[in-house]
Structures are given as C-alpha cells and as structure tokens.
Amino acid sequence: MEQNITEPKKRIFSGVQPSGNITLGNYLGAIKNWVSLQDDYECIFAMMDLHSITVRQTPAELRKRTMELLALYIACGIDPEKSTLFVQSHNSAHAELAWVLNCYTYMGELQRMTQFKDKSSRHADNINAGLFTYPVLMASDILLYQTELVPVGKDQMQHIEICRDVAQRFNGVYGDVFKIPEGLLVKSGAKVMSLTEPTKKMSKSDPNPKAFISMMDDFNVIAKKIKSAVTDSEGVIEYRPDDEAKAGINNLLTIMAAMTNSTPEAVAKEFEGQGYGTFKGAVADAVVEAIRPIREEYDRIIKDKAYLQDICKNGAEASHRIAQRTLKKVYKKVGFIVD
Ligand code: TYM
C-alpha cells in the first residue's frame, strides 16, 4: 500500500448508514480498515443518512444516531485532522448526481441487487423507489469524489460493481468524466456472520439481538453473546470455509483473526485440540478488550457536541468543494446550462 511520495495520494471514500447499532461486522469489515488507510490515502468518510431513510426511521433517533456514528468513527481511530468526515445530507451534490445517474441505470441491473431483494422481502409493506435506486445513490457517493478505492465489507461488492458499470457507461458516452473505483476488502472479517445463524451475515437490523454484537453493548453482554454463539457438535476447532456445518466455528475463527490481525487458519492452529468453551472465552476476551478503549473514547467524545458539530461543518465544506467539481462537469456534459 506504499505510494510514491511525489504522487498525489489516491482517494478513498466509504461510509456507514446510521440506521441502527453499529455492529462488530461494520467495525471489522469496514471501519477498522479505514483507520489503517488514513496515512497512505486521502480519505473521505460519511454518515450515510440519505441511504438510511429507504427504511422507516424515527426522525429524532436518526439525528441522534448520525452524531453517535461520527463519535464512533473518531473513537475507532478516524482522525478528523487527516480524513474528511461529513453527513451525507449536508452535501446536496449526492442527491443531484443520483438523479442524473438514475437516467443512466437500467431497471434490470437494479432488479438483480441482492440487498434490494433481501430488504424488500423484510420490509414488504414499504418497497419504495428509494430502496430500488439505492445503488445509484451509492454510485453517486463514490463517483462524486473521483474515488479510486472503496473499503467495504463483502456485502457491498455488488453495489461497487454496478457503480463501475454505470460510470463506464457514462464515460463511454461523454468521455472520461469519472474515475473507475475499485472495492477493497479486508483479508479477515470482510463478512462477519450472525452468531445465531452463522450462514447469514451479521446485521444491525437483525430482530434477534443475540445475532449481532453492537459496539455499544455492555461488555458482559458481548461476552455472553459470543459464549452462546451457535457452533456444531463435532467439537473440533478447524477452519473449513466451504463446510456449512462449520459456519459457526469458521465465523469465530474469522472474528478472532480480524481482531488479532491474523488468519483464521493460524488461529485454528493456535487453538487446536482445545474445547469450544475455552476458545469462545478467548474470542470474547479479545473482542471486549478491543472494544473497551473505543468505548472509553466514545464516551468522552459524544459529550463534546460543539467539537462534533465543527467537524460536520468543516467536512461538509470540504466535501462540497470536491463534489461540485464533478457535478459541474457532469451537468455540462449532459447539456445543462452551467455558469
Ligand atoms: P452498511 O451501513 O450496511 O455497512 C457499513 C459497512 O460495514 C460493512 N459490513 C460488514 N462487514 C463485514 N461483516 C458484516 N457482517 C458486515 N455488515 C456490514 C459493509 O459492507 C459496509 O462497508 N450501502 C452501504 C453504505 C454506503 C456506502 C456508500 C459505502 C452508502 N454509500 C458509498 C461505501 C461507499 C451500507 O449500507 O453499508
């Protein structure tokens, strides 16, 4: 990941929706990775509030969670002096570009999106057009900043693919308007699974709170959830990623590997021959000890409303400056009158 210092830094964009409790999956699949990228890249991270209203939200809750997410980013190690942090709805360019790109995206492409299929089956009473065109808004988020790399979890890779397709289509008509971005996955932790149904991804919107670890859970609750995670009756600590029967153990090995910057294979070797109880205890300790300092920082930062508001204000201005350059270019290309 080293770059020649004479070259400008490559740009990174990513974000999390403030639509629920941030999970260990969000942390290990995305935020933890962002922290390590900040020195080598020009990073922009946003709180994706526009995305979150595709599912009904309580307004006061959404506002609160958006600021909590910002505090959590910082507590996890995102440095506002190094990275740009802003609230998506504070920059109207996202919604504006999304409208244009909606006109360059096909219904058939959007119908194939697994997140749409999944969310529309879970919210059958509210299959709104925003849920359907969500990937276009996400493409706009990325393309506005001429982003090169998008560090996300595995579940977002399909959205990055469609973003690339739309960008290439647009460039094909109008010349090189957009940089074509690439997704960036972590080696371990790109898909953290549910603790109760380990063949499903860990999700903050899971109705069963035992299925996910929230970064805001009490430490004894975190330990309890890990200790009661679904495993198997074989009693053998082995990493077998293609064996569904081992999904629970594979998941715990992956979590441990992500926590300790190791690999699931190496963790399995370390715990070879030990019982599940011992192993789960070690995973619980590792997770709690990683979250503890984050929570201490969080508790401190969340109280400083003026500091957080200041970051939002500066971030919105910085993001606006970059985004307007792309938006103006796009408007000109499609034939809008631009001064
Ligand atoms: P969201 O809010 O669902 O999740 C935020 C990030 O966490 C990752 N993630 C996971 N990683 C590993 N294991 C899991 N179980 C897990 N669950 C979630 C996600 O892959 C994501 O990286 N559409 C995005 C938000 C978004 C965005 C963007 C991201 C909107 N515009 C532009 C990047 C660039 C989403 O819903 O993420």
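Just so it is clear, the model here is predicted, and its values are computed rather than measured.

Q: How would you sum up the overall build of the protein chain? Please name residues and give values.
A: When helices and strands are tallied, the protein chain shows 13 helices and five strands. In terms of C-alpha radius of gyration, the protein chain reaches 21 Å, essentially the compact-globule figure of 20 Å for 339 residues. Overall size of the protein chain, expressed as C-alpha extent along the three principal axes, is 70 × 45 × 45 Å. Looking at the 339 residues of the protein chain, the share that counts as buried comes to 52%.

Q: A description of the pairing of strand S3 (residues 84–87) should follow, citing residues and the corresponding values.
A: Burial along S3 is two-sided: the face carrying Thr84 and Phe86 and the face carrying Leu85 and Val87 are both buried. Inspection of the sheet shows strand S2 (residues 42–47) paired to S3 by four bridges, in the parallel sense. Residue Ile44 lies in a different strand from S3, and its bridge partner there is Thr84.

Q: Can you break down empty space enclosed by the protein residue by residue, with the values?
A: As enumerated under the stated definition, the model contains two cavities of 30 Å³ or more in all. Taken as a whole, the largest cavity encloses approximately 110 Å³ of empty space. Forming the walls of the largest cavity are Pro18, Gly20, Asn21, Ile22, Arg65, Glu68, Leu69, Leu72, Met216 and Tyr298. The element contributing the most residues to the lining of the largest cavity is helix H3 (residues 59–76), with four residues.

Q: Any chance you could break down the domain arrangement of the protein chain for me, citing the residues and the numbers?
A: The extent of an interface is frequently quoted as the accessible surface area lost upon association of the parts. You can read the domains of the protein chain as domain 1 (11–185 + 305–334) and domain 2 (209–300). Residue-level contacts link twelve residues of domain 1 with 14 residues of domain 2. In this assembly, domain 1 packs against domain 2 so that about 1200 Å² is buried in total across both faces, 74% of it on carbon and sulfur atoms. Counting across the interface, domain 1 meets domain 2 through zero salt bridges. Taken together, the connections running from domain 1 to domain 2 amount to four residue pairs in polar contact (both at pLDDT 80 or more). Every element with two or more residues in the side of domain 1 that touches domain 2 is listed here: helix H1 (24–37) and H3. The leading source of residues in the side of domain 1 that touches domain 2 is H3, at five residues. Residues belonging to the side of domain 1 that touches domain 2 are distributed by class as follows: eight nonpolar, two polar and two charged.

Q: Tell me what's going on with the packing of aromatic side chains, and back it up with residues and numbers.
A: With the rule as written, the count across this model stands at twelve aromatic pairs. Judged by centre distance (4.3 Å) and plane angle (5°), the rings of Trp34 and Phe45 are stacked. With a gap of eleven residues between them, Trp34 in helix H1 and Phe45 in strand S2 connect regions that are remote in the sequence. Of the two residues examined, Trp34 and Phe45, each falls in the buried class. Taking 5.0 Å as the distance between ring centres and 70° as the angle between the ring planes, the aromatic pair formed by Phe116 and Phe132 counts as edge-to-face.

Q: I'd love a proper account of the side chain of Thr84, names of residues and values included.
A: As for its position among the elements, Thr84 is in strand S3. Overall, Thr84 belongs to the buried group, its relative accessible area being 19%. For Thr84, the residues in contact, after removing those within four places along its chain, are Cys43, Ile44, Phe45, Gly315, Ala318 and Ser319.

Q: Help me get a handle on the site of the ligand, residues and values and all.
A: Within the structure, the ligand sits among 26 residues, and Gln17, Tyr134, Asp141, Asp155 and Val192 are positioned closest to it. Within the contact set of the ligand, a nitrogen atom lies 2.6 Å away from a side-chain nitrogen or oxygen of Asp141. For the ligand, an oxygen atom lies 2.8 Å from a polar atom in the backbone of Gly153. With the chains in place, 97% of the 710 Å² that the ligand exposes on its own is no longer accessible. Judged by the fraction of its atoms near the pocket grid, the ligand is located in the largest pocket. Those elements giving two or more residues to the shell around the ligand turn out to be strand S1 (11–16), H1 and helix H7 (129–143). A per-class count over the shell around the ligand returns twelve nonpolar, ten polar and four charged.

What counts as what
- Residues numbered from 1 in each chain as written.
- Predicted model: local features only at pLDDT ≥ 70, side-chain atom pairs only at ≥ 80, totals over all residues.
- Heavy atoms only, no water.
- Helix = DSSP H or I, 4+ residues; strand = E, 2+ residues; numbered from the N terminus.
- Rg over C-alpha atoms; globule rule 2.2 N^0.38 Å.
- Buried < 20%, exposed > 50% of the residue type's maximum accessible area, 1.4 Å probe, protein only.
- Pairing = 2+ DSSP bridges.
- 1 Å grid on protein atoms, 1.4 Å probe; cavity = no way out; pocket = protein on both sides within 12 Å on 5 of 7 lines; lining within 4 Å.
- Points joined across faces, edges and corners; volume = space filled by probe spheres on them.
- Domains from an automatic or database assignment.
- Contact = heavy atoms within 4.5 Å.
- Buried area = accessible area lost by both parts, 1.4 Å probe.
- Salt bridge = Lys/Arg side-chain N within 4 Å of Asp/Glu carboxyl O.
- Polar contact = N/O pair within 3.5 Å; in protein donor to acceptor, adjacent residues only side chain to side chain.
- Nonpolar A, V, L, I, M, F, W, Y, C, P; charged D, E, K, R; others polar.
- Phe/Tyr/Trp six-rings, centres within 6.5 Å; stacked < 30°, edge-to-face > 60°.
- Near = heavy atom within 4 Å.
- Areas by Shrake-Rupley, 256 points an atom, 1.4 Å probe, with all protein chains shown as cover.
- Sits in = over half its atoms within 2 Å of the grid points.

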